Amino acid sequence: KKLSSERAIGPLEYTMSKSPSLIIAEKPASEGYRKGTIWVAEDNIVNQKVISGMLRHLNMECEVFSNGAQILAAYGKRPEQVDLILMDCEMPVMDGYDACREIRRLQDSDSNSITRRTPIIALTAHLGGEFEQMARHAGMDDLVTKPIRKNTLSNLFSIWLPETSEFRQTPL
């Protein structure tokens, strides 16, 4: 199957052989999603504006951070204020992979009050299994390649922020 320039990779699935694989998210946007607060970690100012504009059109609250260290610091202080994180993989100061690992470490520590696993979606300009593998190993739940389209975000939200309560909030 030929990859398009943009695709959303779905939640981790384990096949009969127990080997992890990522799947393409092709769920129709019409299925709906709940409104929420999206945090965006992106160092490129143009991408920040484009993504935040799309989020506003999708009726989502948005907070933008310029690197992984900033989003990690905010998450450490107020994890209950975010419903989903869009995380650029390659940023200065702290990249998205390291920031995701640290957020997962905070979620898994016994001394925290975090009661749910926040979905973290990788944003990358790269295609290929190597980058999907890196995102998976960092603890990211899904992956979207740039340039990002509004419909792709809508599809992601229908998967990770569904209107129904049947969404699993546990690690995959």
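Computed from a prediction, not measured in an experiment: that's the story for all the values here.

**Digging into the nonpolar core**
Alright, step 1. Judged by nonpolar contacts, the single largest core of 24 residues is most densely connected at Trp39, Ile71, Ile85, Met87, Ile103, Ile120 and Met140.
Alright, step 2. Elements supplying a minimum of two residues to this core: strand S4 (37-41), helix H2 (68-77), strand S6 (84-88), helix H3 (96-108), strand S7 (120-124) and helix H4 (129-138).
Alright, step 3. Core analysis: the second largest hydrophobic core is formed by 20 residues, Leu55, Met60, Leu123 and Ile148 among them.

**Here we look at the pattern of salt bridges**
Alright, step 1. On inspection of all chains with the given rule, the structure shows 8 salt bridges.
Alright, step 2. Note that arginine 104 and aspartate 141 form a salt bridge whose closest N and O atoms lie 2.6 Å from each other. With arginine 104 in helix H3 and aspartate 141 in the loop between H4 and strand S8 (142-145), the pair connects residues that are 37 residues apart, well separated along the chain.
Alright, step 3. Of the residues examined, arginine 104 reaches a relative accessible area of 6% and is grouped as buried.
Alright, step 4. Two residues, aspartate 141 and arginine 117, come together in a salt bridge whose shortest N-O distance is 3.0 Å. Note that aspartate 141 is positioned in the loop between H4 and S8 and arginine 117 in the loop between H3 and S7, a separation of 24 residues in sequence.

**Description of helix H1 (residues 45-57)**
Alright, step 1. Its 13 residues place the ends of H1 18 Å apart at the C-alpha level, agreeing with the 18 Å of an ideal helix rising 1.5 Å per residue.
Alright, step 2. Within the span of H1, buried status applies to Gln48, Ile51, Ser52, Gly53, Met54 and Leu55.
Alright, step 3. Sitting at the head of H1, asparagine 44 places a side-chain oxygen 2.9 Å from the backbone nitrogen of valine 46.

About the criteria used
- Residues numbered from 1 in each chain as written.
- Predicted model: local features only at pLDDT ≥ 70, side-chain atom pairs only at ≥ 80, totals over all residues.
- Heavy atoms only, no water.
- Core = buried A, V, L, I, M, F, W, Y, C linked by side-chain atoms within 4.5 Å.
- Buried < 20%, exposed > 50% of the residue type's maximum accessible area, 1.4 Å probe, protein only.
- Helix = DSSP H or I, 4+ residues; strand = E, 2+ residues; numbered from the N terminus.
- Salt bridge = Lys/Arg side-chain N within 4 Å of Asp/Glu carboxyl O.
- Expected span 1.5 Å × (residues − 1).
- Polar contact = N/O pair within 3.5 Å; in protein donor to acceptor, adjacent residues only side chain to side chain.

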